[in-house]
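# Structure assessment
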Amino acid sequence: MTDFPDSLLIINGKSADDPQLRAAVAQLRMDGATLHVRVTWEKGDAVRYVDEACQLGVATIIAGGGDGTVNEVATALVGNYHPTTPALGIVPLGTANDFATSAGIPQDPELALKLAIAGHAVEIDIAQVNNDTCFINMATGGFGTRITTETPERLKAALGGVSYLIHGLMRIDTLKPDTCEIRGEAFHWQGDALVLGIGNGRQAGGGQQLCPQALINDGLLHLRVFTGDELLPALLTPLSGSEENPNIIDGVSRWFTIRAPHDITFNLDGEPLSGREFRIEILPNALTCRLPPDCILLR
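Below: a short report on this structure. (Residues numbered from 1 in each chain as written. Predicted model: local features only at pLDDT ≥ 70, side-chain atom pairs only at ≥ 80, totals over all residues. Heavy atoms only, no water.)

### Quick look at the nonpolar core
Worth spelling out the cut-off: Residues belong to a common nonpolar core when they are buried Ala, Val, Leu, Ile, Met, Phe, Trp, Tyr or Cys residues joined through side-chain atoms within 4.5 Å. Burial here depends on accessible area, computed with a 1.4 Å probe over protein chains only, as a share of the maximum for the residue type. Under 20% is buried, over 50% is exposed, and the range in between is partly exposed. Any two residues whose heavy atoms approach within 4.5 Å are treated as being in contact.
Counting residues in hydrophobic clusters, the biggest one holds 49 residues, and the most contacted among them are Val73, Leu88, Leu113 and Leu291. Sequence-distant contacts of leucine 113, that is, excluding residues within four places in its chain, are made with Leu9, Leu21, Ala24, Val25, Leu28, Leu35, Ile62 and Val91. Of all hydrophobic cores here, the second largest spans 23 residues; its members include Leu196, Ile258, Ile264 and Ile280.

### Digging into helix α3 (residues 67–79)
To be explicit about the condition: Put simply, DSSP H or I for four residues or longer makes a helix, DSSP E for two residues or longer makes a strand, and each gets a number counted from the N terminus. Residue count minus one, scaled by 1.5 Å, sets the expected span of a helix.
Here α3 contains 13 residues, and its C-alpha end-to-end distance of 18 Å stays within 8% of the 18 Å for a straight helix at 1.5 Å per residue. Buried within α3 are the following residues: Asp67, Thr69, Val70, Asn71, Val73, Ala74, Ala76 and Leu77.

### Thoughts on the pattern of salt bridges
Keep this limit in mind: In the sections that follow, a salt bridge refers to a side-chain nitrogen of Lys or Arg positioned within 4 Å of a carboxyl oxygen of Asp or Glu.
On inspection of all chains with the given rule, the structure shows 10 salt bridges. A salt bridge links aspartate 17 to arginine 22; the shortest N-O distance between them is 3.6 Å. For aspartate 17, a relative accessible area of 63% corresponds to the exposed category. Salt-bridge contacts for aspartate 250 lead to arginine 224; the nearest nitrogen and oxygen are separated by 2.8 Å. Here aspartate 250, found in strand β11 (residues 248–253), pairs with arginine 224, found in strand β10 (residues 221–227); they are 26 residues apart in sequence, far enough to count as distant.

### A short note on the packing of helix α2 (residues 45–56) against α3
The geometry of a pair of packed helices is captured by two quantities: the angle between their axes and the separation between those axes. Applicable threshold: Note on geometry: axes are C-alpha line fits, over the in-contact stretch for helices, and angles between N-to-C directions span 0 to 180 degrees. Should an angle fall under 35 degrees it is taken as roughly parallel, and over 145 as roughly antiparallel, whereas 65 to 115 is taken as roughly perpendicular and any remaining angle as oblique. Left-handed is the label given to a crossing in which the near helix is rotated counterclockwise from the far helix by less than a right angle, and right-handed is the label when the rotation is clockwise. Only Asp, Glu, Lys and Arg are considered charged in this grouping, and only Ala, Val, Leu, Ile, Met, Phe, Trp, Tyr, Cys and Pro are considered nonpolar; every other residue, Gly among them, is considered polar.
As a packed pair, α2 and α3 sit with axes 9 Å apart at the nearest point and diverge in direction by 50 degrees. Overall, the two elements α2 and α3 adopt an arrangement that is oblique. The two elements α2 and α3 cross, and the hand of that crossing is right-handed. Contacts from Asp45, Ala46, Val47 and Val50 of α2 reach α3 at Glu72, Val73, Ala76 and Leu77. When its residues are assigned to classes, the contact of α2 with α3 shows 6 nonpolar, no polar and 2 charged.

### Details of the pairing of strand β8 (residues 178–184)
Regular strands show a simple pattern: their side chains alternate between the two faces of the sheet. Worth spelling out the cut-off: A strand pair is defined by DSSP finding two or more bridges across the two strands.
Of the two faces of β8, the one holding Asp178, Cys180, Ile182 and Gly184 is buried and the one holding Thr179, Glu181 and Arg183 is not buried anywhere. Pairing between β8 and strand β9 (residues 187–199): 7 bridges, direction antiparallel. Within β9, the position partnered with arginine 183 by the bridge is histidine 188. Count of turn residues in the β8/β9 antiparallel hairpin: 2 residues, of which alanine 186 carries a positive phi of about 55 degrees. For β8 and strand β12 (residues 255–268), the ladder comprises 4 bridges, and the chain directions are antiparallel. Residue pairing across strands places glutamate 181 opposite arginine 259, the latter belonging to β12.

### Considerations on helix α5 (residues 109–118)
Here is the rule: Side-chain atoms alone can form a polar contact between residues adjacent in sequence; in general such a contact is a pair of N or O atoms within 3.5 Å, and within protein one must be able to donate a hydrogen while the other accepts it.
Among the residues of α5, Pro109, Ala112, Leu113, Leu115, Ala116 and Ile117 are the ones counted as buried. Where α5 is buried, its residues contact β1 (7–12), α1 (19–30), β2 (35–40), β3 (60–65), β4 (87–92) and β13 (271–290). Measuring from the side-chain oxygen of the N-cap residue of α5 to the backbone nitrogen of glutamate 110 gives 3.1 Å; that N-cap residue is aspartate 108.

Set out below in structure tokens:
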């Protein structure tokens, strides 16, 4: 019998009936694992479950869901006040699973669960916005954000990440850039942004490599802005593989400030945040996460 450390799995309610996940949990319990399971129903559940898990003294809290669920659990872990903080594990069950995919976490629930329970834990960064809310993967703004928030659930369920691309092409007539000013360490840009990504991780919107050089343990944020008439390259980056474009602005900094003369909306791993001023900064080594040994997001 394998000696597994105790864990608590927090599942997004939409994925609670996944037959593969249920079978994987049952098999691990038969193999001797102590695996508590909790299901989220509404906002705030993850915070309560993280607190419960810390009181139980588990070694790992596993986020079972998409990018939003992973971020909600990670943010709760960063904000908890227990003396011993469990590691974060991930079982990708969402539509896009951008963070899990780019980190190389298996899509198979049984393999992902085994990694989440017994994998090596490494320290990783998380980003904080306006000294409050956090994101583990990426903050996106502009046209791309409107597309990801407006894409119908049925389309996402049927087509997965490619649904964002299809819906974006269907809504290209609504193209409207966001005028903003962005500052960082040795960085300043002002203009009209069609798509804006500030990444701790690399991809968003179902596989769009907005920050292809980002690492989750380098203490830095990566910025990419698509300007001018470059909406289609922004949507088709994974298909074209081309990164040489005069209308793509890149920057790297421990922090960025964004100011706009009108309200703009950022998508923080699925959580919308609107306003005219944002300060986004990296929190180095803010939590530990069980990741594959060959994870490309680690330096």
